[in-house]
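Residue strings, one per chain:
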Amino acid sequence: MAKKYTIDGNGAVSHIAYAFSDVAAIYPITPSSTMAEYVDEWSAQGLKNLYGQPVSVSEMQSEGGAAGAVHGSLAAGAMTTTYTASQGLLLMIPNMYKIAGELLPTVFHVSARTLATHALSIFGDHSDVMACRQTGFAMLASGSVQEAQDMALIAHLATIKSSVPFLHFFDGFRTSHEVQKIDQISYEDISKLVDWDKVAAFRARALNPEHPRQSGTAQNPDVYFQNREAANPYYLAVPGIVEACMKQVKRLTGRSYRLFDYVGAPDAEDVMIIMGSGAEAAHETVTALNSKGKKYGVLKVRLYRPFAAEAFLKALPKSVRRLSVMDRTKEPGALGDPLYTDVRTALAEAGRSDILVLGGRYGLSSKEFTPTMIKAVFDNSVKPRPKNHFTVGITDDVTNTSLPLGRQYNAAPEGTVACKFYGLGSDGTVGANKNSIKIIGDHTKLYAQAYFAYDSKKSGGLTVSHLRFGRVPIQSTYQIDDADFVACHNPAYVTQYDMVSALKRGGTFLLNCPWEGSELEERLPATMKQALAQKKAKLFIIDAIDLAEKHGMGGRINTIMQAAFFKLAGVIPYAQAEKFMKDYAKKTYGRKGDKVVKANWAVIDGAVAELREVRIPAGWLTASSGAEPMKIEATEYFDKVAKPILRQAGDSLPVSAFDPAGVVPTATTQYEKRGIAVNVPEWQIEHCIQCNQCSMVCPHAVIRPILIESGAQRPEGFETKPAMGKEYAGNDFRIQISPLDCTGCGNCYEVCPAKTKALQMKPLDSQLHQDANWQ
């Protein structure tokens, strides 16, 4: 019987890859790194694979080296795999041609990621895997965490049977880092599916001095062409072999897969063709639209190479009249993007000129692909003159490719609870939410999904956690835009981000802040007050920072906010959640001692007592005053481009806002003024020994030592002391701090060597007056 397990996509794939591998040759690249980390960890623990031994893990000096090691290891008769993405995959291409040309069975697991073009992006699309179409690797796509495990298994079974190497890919971050509850397949059950005779045959043809043979020769024009065609039967056999492996997995798990899976109305005239995680969102949306009387369909592409035209045509409903083919890559200068051109070729060769084929591009660099966008694609399809070669999810005001989006469309099944959390990188929010998902996924019958969005600043940057819970499997492979519960873990965010627009009418908003009464009225922006009132939201506040400090937990407010979430969201009974939270706290912090565990237990108890509901005044509906973002004179580029990006509103920027070559001005960080620190340093003038170590250690250049010439004009409140050293006689010295640029790390306080520290960490509000001197 399958075990229910809450895990991310990379972990689900690694579970399968480990089983089939004698050797894993690795080199880490985001977002594939954790696949190798899982395998390395399990190997170190002595976990045995299908062959009765731990995997031998070799970390190489580059991705090219890893691919070379895979090739050599395969040639020596060892089942070998690797994990990669983006430019790392491209560095493997020369070896991929060799591995495929020599018919060596292997699976490369790829968390598909954007290639660096005008800019680097660590996020997901299909531009890397599409660059491998002609290497000779079979290509198998998966669209969810459960599918990632199942397709990984199918790929390994099929490569052994066919001798054709496989590239198994799934969307970077969206699937690789999404956490879901899945059915985990045991190694005992997997072993029953393996063609052990084929494994033995593979090992028997290994290069070996005991029975030598030659491989990888040089050939001339007289024979190369013929030899290249000799592998055709192997590739012709792949679709049938993959189908057979899919049937094996169905008999084991009950989950059915085909080379092309059709879902939707059996008599649909309008069908979307798509692969990867977008297929899950499309499936969910079509189900919702069809329940309201539409007749749409989705064709999910599983086996992309070899492209099985006959199976593709058979999977389409006979009623189809219009196809919208969605590519998650851009091939500049081509007549169409890859999947679009394959579909058109298959239809043309079958003489199906009666079907209109429209090509669309979506989701580059993990750009969202939501039900609203999917509905827009179908709205375009049914128009008398639909747009071809369109984009969706952006505003293209340069070449006018983009489709207009209608009103926001929510396709989630009834009963799905959606929760969104705004945290500060390193405050523990993400870790707490991962615990929450594990608690609900592992201890209840509910399905659970978690996805974590980070900005590029990592520690000290914005984190947004997206958690969903429901009674049916969750197919919402996009960020939450219609939340039942929203929590803001950093009070500075109220003037920086629009956190209320994604809240449902009647939803709950939780704010971590020390403000009450009239101070709360002053601190919240007018727009936020209006939005809360318009949505008839329930507003709760908690001073988690104060509670954490009282119990010696510093800035780690994660446990407190997790307890508040379980109390307010009502996903499971609070008494049950409290027990699980305390168990997880003991498991997580037990190695740090009982004192730390008991502090976490105490704040769990204290969190509920500290929660306070704020009755939203009727006047908030027309509020016109309140806190406003810091105003600073900046450049036009910063105001029009950088500022919306920093406010998490970059999706609203049109194509015309950007330089085609990706060029941007420098020195824009000075205008950010995020004000995210809870505590910032205050200079203690009488204790300062003028060593300047605080300035050197500050990672954000927030602390500046200033030398002031005698007689220079000074602003009011610009306190100084005589500068030390003969060469500075007659001059004055000051340490100046920028409180709104500080992240509150405390490195300056720790490094100060003075007997009495010359810097003390004080609440941000008490230090805002320093900003005038900084300016």
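Predicted model only: the values in this text are computed from it and were never measured.

Undergrad: Sorry, what's going on with the sheet that holds strand 20 (residues 503-512) here?
TA: In any sheet, the strands associate via hydrogen bonds between backbone groups, in a parallel or an antiparallel arrangement. In space, the nine strands of this open sheet follow the order 1-8-17-18-16-19-20-21-22, with mixed pairing throughout. The open sheet is flanked by strand 1 (3-8) and strand 22 (612-614), the only strands paired with a single partner. On average, each strand axis in the sheet is inclined to that of its neighbour by 25 degrees, with strand direction left out of account. Pairing of strand 20 with strand 21 (residues 538-542), which is carried by five bridges, proceeds in the parallel orientation. The residue bridging Leu510 from the neighbouring strand is Phe540, located in strand 21. Against the sheet, helix 19 (residues 558-569) touches strand 16 (417-424), strand 18 (462-470), strand 19 (483-488), strand 20 and strand 21, its axis set at about 150 degrees to strand 20.

Undergrad: I'm lost on the pattern of salt bridges in this one. Help?
TA: Side chains that carry opposite charge are capable of pairing whenever their charged atoms lie near each other. Under the defined criterion, the tally for this structure stands at 40 salt bridges. For Asp22, the salt bridge is made with Arg203, and the minimal N-O distance between the two is 2.7 Å. Of the two residues, Asp22 is situated in the loop between helix 1 (9-20) and strand 2 (23-26) and Arg203 in helix 8 (residues 196-204); the sequence distance between them amounts to 181 residues. Since its relative accessible area comes to 8%, Asp22 is described here as buried. Taking the shortest distance from any N to any O, the salt bridge between Glu516 and Arg612 comes out at 3.2 Å. Of the two residues, Glu516 is situated in the loop between strand 20 and helix 16 (517-523) and Arg612 in strand 22; the sequence distance between them amounts to 96 residues. When its relative accessible area of 47% is taken as the criterion, Glu516 is described as partly exposed.

Undergrad: Can you walk me through the pairing of strand 21 in this structure?
TA: Here strand 21 lies mainly inside the structure; four of its five residues are buried. Judged from the three bridges that link them, strand 21 and strand 22 form a sheet pairing that is antiparallel. What sits directly across from Phe540, in strand 22, is Glu613.

Undergrad: What is the right way to read the nonpolar core from this model?
TA: Where a protein is soluble and globular, its nonpolar side chains tend to be buried together. Counting residues in hydrophobic clusters, the biggest one holds 96 residues, and the most contacted among them are Phe20, Phe166, Leu167, Val242, Phe312 and Leu323. The greatest single-element share of this core, amounting to nine residues, is contributed by helix 6 (residues 145-162). In contact with Leu323, not counting residues within four places along its chain, are Val271, Ile273, Phe312, Leu316, Val343, Leu347, Ile355, Leu356, Val357 and Leu358. Formed by 43 residues, the second largest nonpolar core is a distinct cluster that contains Phe452, Leu467, Ile560 and Phe565.

Undergrad: What should I look at first to understand the sheet that holds strand 15 (residues 390-391) in this one?
TA: One open sheet accounts for six strands, arranged 9-11-10-13-14-15; its pairing is mixed. Of all the strands in the sheet, just strand 9 (260-264) and strand 15 have a single pairing partner and so form its edges. Relative to strand 11 (residues 296-301), strand 10 (residues 270-274) runs parallel, the two being bridged by five bridges. Each bridged residue has a counterpart across the sheet, and for Ile273 the counterpart in strand 11 is Leu299. Docked against the sheet, helix 11 (residues 278-291) engages strand 9, strand 10 and strand 11, running at close to 165 degrees with respect to strand 11. Of the strands in this sheet, strand 10, strand 11, strand 13 (322-327) and strand 14 (356-361) touch helix 13 (residues 338-349), which is tilted by about 145 degrees from strand 13.

Undergrad: Can you help me understand the packing of helix 3 (residues 63-75) against helix 4 (residues 86-101) in this one?
TA: In a pair of packed helices, the angle between the axes and the distance between the axes together describe the arrangement. Contact geometry of helix 3 with helix 4 gives a least axis separation of 7 Å together with a crossing angle of 25 degrees. By the angle class used here, helix 3 and helix 4 are roughly parallel. In this structure, helix 3 meets helix 4 at a crossing whose hand is right-handed. Packed against helix 3, whose contacting residues are Glu63, Gly64, Ala66, Ala67, Gly68, Val70, His71 and Leu74, the element helix 4 presents Gly88, Leu91, Met92, Asn95, Lys98 and Ile99 at the interface. Its residues assigned to classes, the contact of helix 3 with helix 4 comprises seven nonpolar, five polar and two charged.

Reading guide: rules and limits
Residues numbered from 1 in each chain as written. Predicted model: local features only at pLDDT ≥ 70, side-chain atom pairs only at ≥ 80, totals over all residues. Heavy atoms only, no water. Pairing = 2+ DSSP bridges. Helix = DSSP H or I, 4+ residues; strand = E, 2+ residues; numbered from the N terminus. Axes fitted to C-alpha atoms, helices over the stretch in contact; angles between N-to-C directions. Contact = heavy atoms within 4.5 Å. Salt bridge = Lys/Arg side-chain N within 4 Å of Asp/Glu carboxyl O. Buried < 20%, exposed > 50% of the residue type's maximum accessible area, 1.4 Å probe, protein only. Core = buried A, V, L, I, M, F, W, Y, C linked by side-chain atoms within 4.5 Å. Parallel < 35°, antiparallel > 145°, perpendicular 65-115°, else oblique. Left-handed = near helix turned anticlockwise from the far one by under 90°. Nonpolar A, V, L, I, M, F, W, Y, C, P; charged D, E, K, R; others polar.

In short, shape yes, function no, at least from these values alone.
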